[in-house]
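Tertiary structure, described
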Amino acid sequence: MPYINSMSPTPENSPTDAALPSGTSIIDVNFLGHRESVGLYLLEGDGEFALVDCGPSSCLPVLKENLTARGLKPSDISALLLTHIHFDHAGATATLVKENPKLRVYVHEIGAKHLKDPLRLLNSATRLYGEALQQMFGEFLPVPEENIHALTGGESFRAAGRQIEVAYTPGHASHHVSYFDQSNGAAFTGDVAGMRLPGYNIVAPLTPPPDIDLAAFTNSLAEIERRNPPQLLLPHFGAYANVDDHLQATRERLYTWTERAWTVMKNTPDESARVSTFATLAEEEFNRESPDAHSAARYLAVAMPALSWYGLERYWRKRVEAHQQNFG
């Protein structure tokens, strides 16, 4: 399947790397020591401030350093717009609320119940990450119910001096939403639009467990296209103005990786060998399409293809089980 410009790198000043809208800045929290891995968006307007996602608790010191450099502190943030509740996006929510009891937390209703009681979420993440969970993400505490504003999609509210519209965009997660800034049209698409490093046209899908849904993913990409935003603001990482090409590349790579996962499952009986095979093929892609080994390594570190394998393997396994139940 074709990709943008055969997925070749573009110059750092390429017009496909869009300037951030007025009143919007990105905070790189240096997740796991990787630059341009996890970005949070700080919105400013009418004397108010809001964050789109807050990152994990392990990155709170970096977030606070960035706020301090802007003359701010956590108590100055009036609203937190969570795209979804995965640890790298929402892990620090409760800790921020403890420091700022007036913080309004916007999150999809499915995610809201896990913010209030994260035990099930923590158990699921522990099965996936094991002992590395705490080191990678830090603590994930319950969020008081009174701070949570549950969303279903279709809502509109004001934050940081601008009107924000909400679209339900599942596929990456059942609790995933995207936010559209009505002052400039920009779309904060969370993880549904994949990851991409500034200066490159390489787009990688993000398909972690437990609830990857290819049909929902496809519909969500179409919903973003329907709204025709002038640029996409990705947490992984940065702003891009070649919206149609980017979304098409996300879709194509998503289909390719999904089909590849099925092929690996059919042809590789051993589970550990399946993970290794899938991750190796992704690494070969990044090496082939990146201009140098350093860039390929950065893509590999941020995209985490082994994690995507587990999500796609679960997707296919659930489909096989459903087929067996329906047809014996």
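Calculation rules
The numbers attached to residues start from 1 for each chain and follow its sequence in the written order. Thresholds applied to this predicted model are a pLDDT of at least 70 for local features of residues and 80 or more for the giving and counting of side-chain atom pairs; totals over whole chains, interfaces and linings are not thresholded and use all residues. Side-chain figures throughout are based on the complete set of non-hydrogen atoms in the structure, without hydrogens or water. Three exposure classes are used, based on accessible area relative to the maximum for each residue type with a 1.4 Å probe and protein chains only: buried under 20%, partly exposed in between, and exposed over 50%. Every helix listed is a DSSP run of H or I at least four residues long, and every strand listed is a run of E at least two residues long, numbered separately from the N terminus. Contact criterion: two residues are considered in contact whenever any of their non-hydrogen atoms come within 4.5 Å of each other. Strands qualify as paired when DSSP identifies two bridges or more between them. A pair is scored as a salt bridge if a Lys or Arg side-chain nitrogen falls within 4 Å of a carboxyl oxygen belonging to Asp or Glu. Polar contact criterion, stated in full: a pair of N or O atoms within 3.5 Å, where within protein one must be able to donate a hydrogen and the other to accept it, and residues adjacent in sequence count only if both atoms are side-chain atoms.

1. Digging into helix α4 (residues 109-116)
Residues of α4 that are buried include every one of Gly111, Ala112, His114 and Leu115, and no others. Contact partners of the buried residues in α4: β5 (104-108), α5 (119-129) and β6 (148-151).

2. Re the sheet that holds strand β12 (residues 238-240)
Reading across the sheet, the six strands line up as β7-β8-β9-β10-β11-β12 and stay open at both edges, with mixed pairing between neighbours. Each edge of the open sheet carries a strand with a single partner, namely β7 (156-159) and β12. As defined by bridge partners, strand β10 (residues 187-188) adjoins strand β11 (residues 232-234) across two bridges and the pair is classed as parallel. Residue pairing for β11: alanine 187 is matched across the bridge by leucine 232.

3. Looking at the pattern of salt bridges
The tally for this structure, following the rule as stated, stands at 16 salt bridges. Lysine 64 is paired through a salt bridge with glutamate 99; the nearest N and O atoms lie 2.6 Å apart. Placement of lysine 64 in helix α1 (residues 60-69) and of glutamate 99 in helix α3 (residues 93-99) is noted, with a sequence separation of 35 residues between them. The exposure class assigned to lysine 64 is partly exposed, which follows from its relative accessible area of 29%. Judged by relative accessible area, glutamate 99 falls into the partly exposed class, the value being 36%. When salt bridges with common partners are traced through the structure, they connect Glu165, Glu223, Arg226 and Arg227 into a single cluster.

4. A closer look at the side chain of arginine 162
Topologically, arginine 162 is positioned in strand β8 (residues 162-168). From its side chain, arginine 162 meets the backbone oxygen of glutamate 44 in a polar contact 2.8 Å long. A polar contact is formed between the side chain of arginine 162 and the side chain of aspartate 181, at a distance of 2.7 Å. Sequence-distant contacts of arginine 162, defined by excluding residues within four places in its chain, comprise Ser22, Gly23, Thr24, Leu43, Glu44, Gly45, Phe157, Asp181 and Ser183.

In short, shape yes, function no, at least from these values alone.
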